[in-house]
Amino acid sequence: AQKVTQAQTEISVVEKEDVTLDCVYETRDTTYYLFWYKQPPSGELVFLIRRNSFDEQNEISGRYSWNFQKSTSSFNFTITASQVVDSAVYFCALRSGNTGKLIFGQGTTLQVKP
Amino acid sequence: NAGVTQTPKFQVLKTGQSMTLQCAQDMNHEYMSWYRQDPGMGLRLIHYSVGAGITDQGEVPNGYNVSRSTTEDFPLRLLSAAPSQTSVYFCASSYSEGVSGLNTEAFFGQGTRLTVV
């Protein structure tokens, strides 16, 4: 079975704090893809990052960074020096095989207070 | 390019009515899928398609039908609307990259907010 767990339902931080959003996944496939999406209050889904199962390099993009660890089946997302505009729901998702199907976690609502 | 276009953006139905949510993409993507988003449950897959003429069920297919007669269009039909189908519906498309066959990220439409009363 494939599953994505985002154990943190809601996180509240004060602006400029660092925050890490956790994502744990389950799959028996050896080839899979992991994604993070942001859903701001306006409702659209914004793609943030894609990771392939054979590429465990961590990635940094500005204030965003991702830590992919196959040993613990985790793909965590860190926002450094958070800003109010980071307030959104963040989804981690898993895809196995070439079908286009995504398995989403329940989402983490991040509130950044000024 | 318009990307993935969903219509309508909002809809109110009465219980028992039927309707079709439209989804069109102009990127020639082979993969398309429909999700519903409910509070606290993330997005759940309803139906998906790996190419024109090919569809399959996802996690929550009951009460919905799909067809894929062209690469561009992937309509979702509600056969007899029920209050439990009140949700936000998202359509998405993606493709496999070149020789590697690696899947791209999913490109999502803006969503359709459906209320069944």
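Residues numbered from 1 in each chain as written. Chains lettered and ligands numbered in written order. Predicted model: local features only at pLDDT ≥ 70, side-chain atom pairs only at ≥ 80, totals over all residues. Heavy atoms only, no water.

## Focus on the overall build of chain B
Along chain B, the regular secondary structure elements total zero helices and 13 strands. Mapped from its N terminus to its C terminus, chain B presents α and β elements in the order β-β-β-β-β-β-β-β-β-β-β-β-β. Taking 117 residues into account, the globule formula puts the C-alpha radius of gyration at 13 Å, and chain B, at 14 Å, falls close to it. Each principal axis of the C-alpha atoms in chain B carries an extent, and together these give about 50 × 30 × 25 Å. Sequence separation of at least 24 residues holds for 54% of the intrachain contacts in chain B that already meet a minimum separation of 6. For chain B, the computed accessible surface area is about 5,300 Å², with 51% contributed by carbon and sulfur atoms. Put simply, chain B has 7 plus and 9 minus side-chain charges, and the middle of one group is 15 Å from the middle of the other. (Helix = DSSP H or I, 4+ residues; strand = E, 2+ residues; numbered from the N terminus. Rg over C-alpha atoms; globule rule 2.2 N^0.38 Å. Contact = heavy atoms within 4.5 Å. Areas by Shrake-Rupley, 256 points an atom, 1.4 Å probe, with all protein chains shown as cover. Lys, Arg positive; Asp, Glu negative; His and termini not counted. Charge placed at Lys NZ, Arg CZ, Asp CG, Glu CD.)

## Observations regarding the sheet that holds strand β3 (residues 19–25) of chain B
All names here are of chain B. Strand order in this open sheet of four strands is β1-β3-β8-β7, and the pairing throughout is antiparallel. Bordering the open sheet on either side are β1 (4–7) and β7 (64–66), each of which pairs with just one other strand. Strand-to-strand twist in this sheet, taken as the mean axis angle between neighbours without regard to direction, amounts to 20°. In this structure, β1 lies alongside β3, joined through four bridges in antiparallel fashion. Considered in β3, the bridge of T5 is made with A24. (Pairing = 2+ DSSP bridges. Axes fitted to C-alpha atoms, helices over the stretch in contact; angles between N-to-C directions.)

## Quick look at the side chain of T112(B)
Within the secondary structure layout, T112(B) lies in strand β13 (residues 112–116). One polar contact links the side chain of T112(B) to the main-chain carbonyl oxygen of P8(B), over a distance of 2.6 Å. (Polar contact = N/O pair within 3.5 Å; in protein donor to acceptor, adjacent residues only side chain to side chain.)

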